[in-house]
Amino acid sequence: MNIGDKIPEVLGFDQNGCQIKSSDFRGRKIILYSYPKANTSGCTAEACSLQQHKAELEAAGFRIIGVSKDKQETQKKFADANGLEFPLIADTDTSLLQTLGCWGEKVACGHRTIGTLRTTYLVDEEGFIYKIFQPKEIKTKTHAEQILAQK
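Residues numbered from 1 in each chain as written. Predicted model: local features only at pLDDT ≥ 70, side-chain atom pairs only at ≥ 80, totals over all residues. Heavy atoms only, no water.

1. Here we look at the environment of K29
Now for step 1: As for its position among the elements, K29 is in strand β3 (residues 29-34).
Now for step 2: With relative accessibility at 12%, the residue K29 sits in the buried group.
Now for step 3: Remark: the alpha-carbon pair of K29 and I64, spanning 35 residues in sequence, is separated by 8.8 Å.
Now for step 4: Among the polar contacts made by the side chain of K29, one reaches the main-chain carbonyl oxygen of A60 at a distance of 2.9 Å. (Helix = DSSP H or I, 4+ residues; strand = E, 2+ residues; numbered from the N terminus. Buried < 20%, exposed > 50% of the residue type's maximum accessible area, 1.4 Å probe, protein only. Polar contact = N/O pair within 3.5 Å; in protein donor to acceptor, adjacent residues only side chain to side chain.)

2. Thoughts on helix α5 (residues 143-150)
Now for step 1: Taken as a whole, α5 has its buried residues at H143, A144, Q146, I147 and L148.
Now for step 2: At its buried positions, α5 is contacted by β3, α1 (41-52), α2 (54-59), β4 (62-68), β8 (119-123) and β9 (129-133). (Contact = heavy atoms within 4.5 Å.)

3. Side note on the packing of α1 against α5
Now for step 1: With their axes 7 Å apart at the nearest point, α1 and α5 run at an angle of 50 degrees to one another. Here α1 is positioned oblique relative to α5, judged by the angle of their axes. Contacts between α1 and α5 involve E46, S49 and L50 from the first element and H143, A144, E145 and I147 from the second.
Now for step 2: Counted by class, the contact of α1 with α5 contains three nonpolar, two polar and two charged residues. (Axes fitted to C-alpha atoms, helices over the stretch in contact; angles between N-to-C directions. Parallel < 35°, antiparallel > 145°, perpendicular 65-115°, else oblique. Nonpolar A, V, L, I, M, F, W, Y, C, P; charged D, E, K, R; others polar.)

4. What to know about the sheet that holds β9
Now for step 1: Within the open sheet, the five strands sit side by side as β5-β4-β3-β8-β9. Their pairing is mixed. A single partner strand is all that each edge strand has here, and the edge strands are β5 (88-90) and β9. Strand-to-strand twist of the sheet, defined as the mean angle between neighbouring strand axes without regard to direction, takes the value 20 degrees.
Now for step 2: Lying over the sheet, α1 contacts β3, β4 and β8, oriented at roughly 165 degrees with respect to β3.
Now for step 3: Helix α3 (residues 72-82) contacts β4 and β5 of the sheet and is inclined by roughly 160 degrees relative to β5. (Pairing = 2+ DSSP bridges.)

What follows is the structure, given as C-alpha cells:
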C-alpha cells in the first residue's frame, strides 16, 4: 500500500480472539505496524517503545495495532509478557501483511528469505495512509518518538 491508500476494513483477529476492523477506529489516527516475530529482541523493543509512550500517542489521537504472522496464542503470550495494551493481529495466512505490502523478500544474516518487512503505517481519522516508515527507517528502541515527531 502507498500513501493515500485506504487500509482494509477487516484487519483480522487479535490476541484475544476479537475481530479488528478499521471502522472501529474511525475518527482516530492509527499506528498500524508490522513486525517479523513476537518475542525477538527487535520486535520486543519496538512493542515496548510503543507501550511506554502509549499515553502520549493516545493524547496525539493515535491508537496502536500490531500485526505479525504469529499465532493468536503466541501474540497473547507476547502481549502478556510485555504488558502490551493494544491489539496484536495474528495474520497466520499473511493476507493482511501481503495486502499492506509488508510481506516479501528480505536479507537477514546474509540469507535471502521471504517474511514480514518491519513497516509502520500512520493512518488518518478516515482510514487513509498518510505516512509510511520503511524497514530501514525504523529504530525499534525509539520508534514511538519517531512517530510522535511525525504526528
